[in-house]
Every structure is written in structure tokens, then in C-alpha cells.
Protein chains: 2
Amino acid sequence: MPFQVLTAAALPAYLATLPPMQERFTDFEALDVAEVGDGNVNFVFLVTQRGAPERTVCVKQAVPYLRCVGESWPLTRHRMDVEVRALREFGALCPQHVPAVYAADSEMSLVVMQRLCNHRILRLGLIDGLVYPRMSDHISTYLARTLFFTSDLYLAPDAKKAAVAGASNPELCRITEDLVFTHPYDDSPTNAYPPGLPPRAIERLQRNPPLRAAVGEMKYAFMTATEARLHGDLHTGSVMANAEETFVIDPEFSFYGPMGFDVGAFIANLFLAYVAQEHRQRDAGRDPAPYREWLLQSAVETWEGFERKFLALWREHEADGTGFIGRDLDGESAEVFRAAFMRHVFADTLGFAACKMMRRIVGLAKVADIAGITDVAARTLAEVRALRIAEHLILSRHAFGSIGAVVAAVERLGATPLDA
Amino acid sequence: MPFQVLTAAALPAYLATLPPMQERFTDFEALDVAEVGDGNVNFVFLVTQRGAPERTVCVKQAVPYLRCVGESWPLTRHRMDVEVRALREFGALCPQHVPAVYAADSEMSLVVMQRLCNHRILRLGLIDGLVYPRMSDHISTYLARTLFFTSDLYLAPDAKKAAVAGASNPELCRITEDLVFTHPYDDSPTNAYPPGLPPRAIERLQRNPPLRAAVGEMKYAFMTATEARLHGDLHTGSVMANAEETFVIDPEFSFYGPMGFDVGAFIANLFLAYVAQEHRQRDAGRDPAPYREWLLQSAVETWEGFERKFLALWREHEADGTGFIGRDLDGESAEVFRAAFMRHVFADTLGFAACKMMRRIVGLAKVADIAGITDVAARTLAEVRALRIAEHLILSRHAFGSIGAVVAAVERLGATPLDA
């Protein structure tokens, strides 16, 4: 049907027109609909049949503007096609961590998908200090599988080039190019400087030639390195989890880009949680050390798990001795190449993590972990520390020998005093 | 008209059907046609109106197979569309160094273009020991303009992404991926080992984990780095020149790839000429030193000219203080980024130059500079030296501080004895 913005009232009748919904629901007159979109970009509805709680779906509709700003910030509805294709591709590679797509309607810019009933946005759980014992294992599996199987290391060259073309997403990439890689560093009017952040902390970002050159290099890699199909926005708000399960949602920013961008996005958000939890745990009357230790350990396990699983997939794919570099005549060359490759992804991961952290402090979009701290001094301390960590990560991204060394630096710089 | 392989006899009648030819020729009955294709891939005809030598064109037709192998090696005729588009785009950016396109016929896989009457394939001139006083200046201009104006440093993000999609050329890229980056190093049956080359020189290439890992990194960059629209095959056989003018022809391998690939291809071929000319100059009764010095000086001038002109275009484009990294608040950040950027292109240039050199020694396609040396010992010496230079360039590509240091290494390793 031609595009129209759906309402909760209109949704049951619309769903009844979709053939796949006939087996999902038995009574379209008895559907309860709740609008739960968090307000930034899209509308999200949860639909449940009364008396049959297992008969439930999630409906997400993209409207042709940025919802939180209004029609003055137009956004193509085409992004829903991107999201549906990405959900299907990632779901095929990693069904246990991607919600199933039941139906999609390109004209309506809408997807009907698996409702995650017992899962919560990971960021909110982390803010509350919850431990997710399987998070790092699941996210590293998701990263390893989605990045390996969409890369030149696995796909035939023609298939990979066709996949790159099919994943083009210039409009959403432009948002990242501007909001992650440009505006935070050039004093753009889109920035939102936190109330307590000292001007010298902002200047340290914006009038710092080595830092700005490094950010430029990451931006250039983001724009030119067609390594793998990325999620493109893999922060902790794009994950829904509980103690047993982890799902990665909202891949509307998906495109072919550098692998480290997805890995770095997730790790950056763990580091942001880390600097926030010093205050949040104390505020809740708890010793911050154990939870913060878990957050850093999760960063270690995310990287190490990703690396181990990615390499395992790669070695298995090349088990016959022939692979990306050709036949491995001496039995060592493929491993030496793999090690060099992982060093490259690791440096990218740190560089992108840093950009993601910096933009969340001074740029337009915040993270609630930090921005939600009402004590201005405590919030500012977390912000200053996040910036200091990010600066070190991006400038030293080629020098770190291990994620352990990175985490040690995060701990050290995470204790930066406010007047440093 | 539907595709058919043109013959010299059929060409005048065909040309008469093309409207743009009506102003080029006044008598289609009086056209002399000579087939001059060098035999690898395409047919090339030179057409001149008798009694009017200024009425002349060059016609190039792609046939659906690799001409030198035959119909058993099919190649899409689509490559002529790629070539025509590349000729037009490069011609618009650099008309003084790209032959003008008069007419193109996609169905016939054919282009009618400016005939370069007084120019000779550069490789043949170099083999004969000719000095081209404007070569480095012209090639560096061509490289700077074609690479800068097609990159993210100049184009708007959407335009650049559309350009990448429009320049897709998977079939020809595959040839490079195989013949430049894979087969030479894995003892592929496509290799053609020179008669005198010692097995240890081949093993040094093929059973050398750091070298093969480095080649893998260059291959990966070739396949993933959509930096600029490349010529894609910029060796000295793709250049026609005389003392005053220089034209870059045959961009059928054009696609969006890493800038260093084009720069490196050209410099690699100067280094191959360098190792060949030790013997060739002596054989002609001349002291090899001056000509070899000119070749190395040309490599220096090609890189330095490219860097200087590229930076000049970039600075001019960002003269208002806003550019790729955003607003330059401190007045130094843009320059620091530019310097880092050029270091990256420089390292890529050396790495790609090395791959191009190695494949020309052990791979399927040779360069006549070396393969045309009939004295086997002299040819072998040139080959061993080329491989030694290439090995050093790729392994130390991030360590060289200047093209001067590179050329010093080329001189040193270019004196490697055969039994080294």
C-alpha cells in the first residue's frame, strides 16, 4: 500500500493485509498495540494478541524525517530497505543474535519482526549496573560471523563487489561522517557541549593537530574501506539482552565499511559505561570496582573473543591450504598475514572507538550513561575522563600490543582528576 | 549496430554511420586503415583519409575474449564501456594528457578517439634509451589531477559514492587480483619463470612469510580501498609520449581503488627499466650511468611532482579553512592531516610498485625492457635485482622517509650480484 504514517489504531487492519501475519495471529480484532519508539528516528509498535502472549510481533516504521527533529530534517525512507536487507543478511549469518524478519513492506517503509519480549536495551541494563554474563561471548560471535562472512576473506571477489554495491547507504553514512568524524572537532553548531565541561577539554579536542589528523584518518577509512558489511551503529543502545540472550537490532546504518568501526563502537560504549559507573555505583551505595572491572573485562573478552572466532572461521575456510593470499607454500605465510590483518583491525578498532567516545561527549547525540548523571561535577569528571581515554586510544592506536594494554590505559586515564 | 568483430576492410563503412565522423572525414571512400593492436587484448585500427593526414582517428574494439589467448579466455566486452567512461572522465580532468573521445559504440564495444600521430609507446622509447624531458612533469600532473578530483578529498560524499558504484569493474579487477597479487607468489601454473632465474630467487618470493603477508596486505587494500578512480594499469606501455607531449591511454582496468596503485605502477616500471638499462646501455656501447640516473631522477620527480601538485590542488580546494576534516580551528590541523595522508599514499605506492615489479618477473605478463634482453645472464641479473628491490620496497614501505631514500636503496640493490 502507498506510504502513510501508521498509527496504533490503524496497525491491526494493516497487519491483516500481510500474508505472513495470518499464521502469526488468529484474531486481528484482538490485537493490543503499544507505541514504544524511543523517539529519535522511527516509530516502533509492539503488537500482541490478547489472551495469546506468544502471538506477538514488533513493527518498526521509518518516516521520511528525523522523528525527534521533525519534517525539517528529512531522511529517506529507503533506510528501511537497508535495515531489512541487513537484518536478513545478518540473521542468516547469526540467527541467534538477530531478530527474525517476518514481513517487510518497502512502500510502507516498514518491517514486522520478532518481538524480543524478555530483553532489555543493553545500555539501560548497564546504566542500572546489571551484569550480562554472556554479552561479550555473544557480541564477539556476532561480530566475527557478520564481518568475516561478508568480507573478501570469505566471499568470491565478484560476489563481494556486488554485495558492496547492494549495501550502499550514502544518506545514513553522511550522518556518521558529519556527527562522528567532523562536527565534534570543528566547533560545529550541531555540537552540544555539556554544561560543566571545561573549555580547555573542548579545545584539547578541537585545537590539537595530531588528534584531528588521526580523526581525519579514521574518517577517511570509514569513507573508503569497503571491508565488510557493517551494522554501522553498534552501540549498547542497538543491543537487546537478558542474562541468556543477546540480540543486535537497528542496522539502518549498515553499509560496507571498515571492520574496526563495529568492533570499536561496542567497545567504546563499554568504556563510556566504565567512566560513568564510578559515580553511578557509588550513588547506588555500591563499591564501583567490581562492576567497572566487569566492564573492562567485557571489553577484553569482546576483542579477544572476536579475534579468536574470526581467526577460527578464517582458518577453517582456508583449511585446504589455499586462501586469500593464494596457496600457502611454506605453511607459515597465511598465519603471518592473518596476524598482520588482525593488527590492522585492532588499530582501527581503537581509532574508531575513540571517535565514538569523543562524539558522545561533545557532539549532538549523547549516551544516557553519562548525560543522565544529574550531579554536574560527577558527569563532568566522567566526560573529561572519556575524552582523555579517547585521545590516548586514537593517538596510540598503532602502538598498543594487546587489548590488555588498552584496558590498563583506560584504567589509568579513567582516574584522571578534573583539573588535569 | 549489433556486435561484430570489425575488420580493416569493414571499418570505413562502419565509421560512415557514426554522426561525429561526418566532420572528421570528408571522404569515407578514401580511408586508409591499418591494424596495429599489440595483440594482447583488443583490436586497434589507425584510420587516415588519403591526402588529408590531419583527418585521422584511432579505433579500438574490445572482443569478447583475451585476444592473445583466444576464445578460451572470455572477457566481457563491457570493459570497453569502462574504458570509454574512464577516458571521458580523465579527459575532462586532464585533457592535455588523455586522448579525446570522438565517438563510442557500446554495442560494438568500440571507441573512436584522437590518434596520437607523433607519439610512441613510452616503454619502447625507454627501451631504446630515449630521454623524455617532460615525462615526470606530465605523469605527475595526470596522477595528481585524476586522483585528487575523483577522491573524497574533493567530491561530495554522495557524488563520490555514486562514482564508485559507476566505476565498478569486477572482471578486470579479478585479473589484477590474480596476476599481480596472488599467482606470482603461490607457484601458480599461470606463472612464466624466466629461463635463467635461479630457483632460490623464486623461493625467496614464494616461501617468505613476511613478504607474502605484505603482498596480502596490498591485495587487500587493492580490493577494499575505494580512494580514487584509478587508471588501473598505468605501466609505461599505457603511455604514449614524445619530447613535448605525454598521453595516458588504455584505462580499461579503471575502477575505484587505492591511489598508490597508479603511482606505484608507473614508478615500478621506471625501476624495471633501471635494472634493464645496465645491460641495454652497455650493449649499445654507452655508459649506463647517465640514462639510469635519469630514470631514477624521473622516479623522484614523479613522486615529488605528484605530491606537490596533489597537495596544491587540495590546499586550493580548502582555501577557505574548511575541508575534509572540517573547519581547521588552529590553522595547523589540516596540514598535519595532509602530511599523514601523503605518508599513507607513499607507503602504498612503494608496496604496489613492489607487487608490480615481482609479477613482471615471475608472473604471466612480462615487460619487454627485461624479457627482451637476449643475453640470458644479463636478463637474469636484471631479474634478480628487480626482485631484490621489490622485496625491500614492500617490506620497508612504512620505513622510507622520502623518495630519495627509496632511490638510494634502488641504486644499492640494483647492484646486487647474481649469486647474492
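All values derive from a computational prediction rather than experimental measurement. (Residues numbered from 1 in each chain as written. Chains lettered and ligands numbered in written order. Predicted model: local features only at pLDDT ≥ 70, side-chain atom pairs only at ≥ 80, totals over all residues. Heavy atoms only, no water.)

A. How the structure looks around the overall build of chain A. Looking only at helices and strands, chain A features 15 helices and 14 strands. By the compact-globule yardstick of 22 Å for 420 residues, chain A fits well, its C-alpha radius of gyration being 22 Å. Principal axes of the C-alpha set define a box for chain A whose edges measure 60 × 60 × 40 Å. Put simply, chain A has 420 residues, and 61% of those count as buried. Within chain A, contacts between residues separated by at least 24 positions form 73% of all contacts whose residues are at least 6 apart in sequence. Accessible surface for chain A amounts to roughly 15,200 Å². Of this, 53% is attributable to carbon and sulfur atoms. (Helix = DSSP H or I, 4+ residues; strand = E, 2+ residues; numbered from the N terminus. Rg over C-alpha atoms; globule rule 2.2 N^0.38 Å. Buried < 20%, exposed > 50% of the residue type's maximum accessible area, 1.4 Å probe, protein only. Contact = heavy atoms within 4.5 Å. Areas by Shrake-Rupley, 256 points an atom, 1.4 Å probe, with all protein chains shown as cover.)

B. Structural detail: the side chain of A:T141. All names here are of chain A. Mapping T141 onto the fold places it in helix 5 (residues 135–149). Looking at T141, its side chain comes within polar contact range of the main-chain oxygen of D137, at 2.9 Å. Those residues in contact with T141, other than ones at most four positions away along the chain, are C94, Q96, H97 and K309. (Polar contact = N/O pair within 3.5 Å; in protein donor to acceptor, adjacent residues only side chain to side chain.)

C. Expanded view of the relation of the copies chain A and chain B. The transformation that overlays chain A on chain B combines an axial shift of 0.0 Å with a rotation of 180°, and the residual RMSD is 0.0 Å. One copy is carried onto the other by what is essentially a two-fold rotation axis. Distance from the rotation axis, computed per C-alpha, reaches its smallest value in chain A at A:A225: 2.3 Å. Same-surface contact between copies: 100% of interface residues of chain A are shared with the interface of chain B. (Least-squares fit on C-alpha atoms with pLDDT ≥ 70 in both.)

D. Spatial organisation of the sheet that holds strand 10 (residues 239–241) of chain B. Residue and element names in this part refer to chain B. Taken in spatial order, the three strands make up an open sheet running 8-10-11, and their pairing is antiparallel. Of all strands in the sheet, those with a lone pairing partner are strand 8 (120–121) and strand 11 (246–248), marking the two edges. Direction of pairing for strand 10 relative to strand 11: antiparallel, over a ladder of three bridges. Looking at the pairing, A241 lines up with T246 of strand 11. (Pairing = 2+ DSSP bridges.)

E. The arrangement of helix 3 (residues 78–93) of chain A in detail. Compared with the 22 Å implied by 1.5 Å per residue over 16 residues, the 23 Å span of helix 3 of chain A between its first and last C-alpha is a close match. Of all the positions in helix 3 of chain A, only A:R79, A:M80, A:V82, A:E83, A:V84, A:A86, A:L87, A:F90, A:G91 and A:L93 are classed as buried. (Expected span 1.5 Å × (residues − 1).)

Function-wise, these values are silent; they only describe arrangement.
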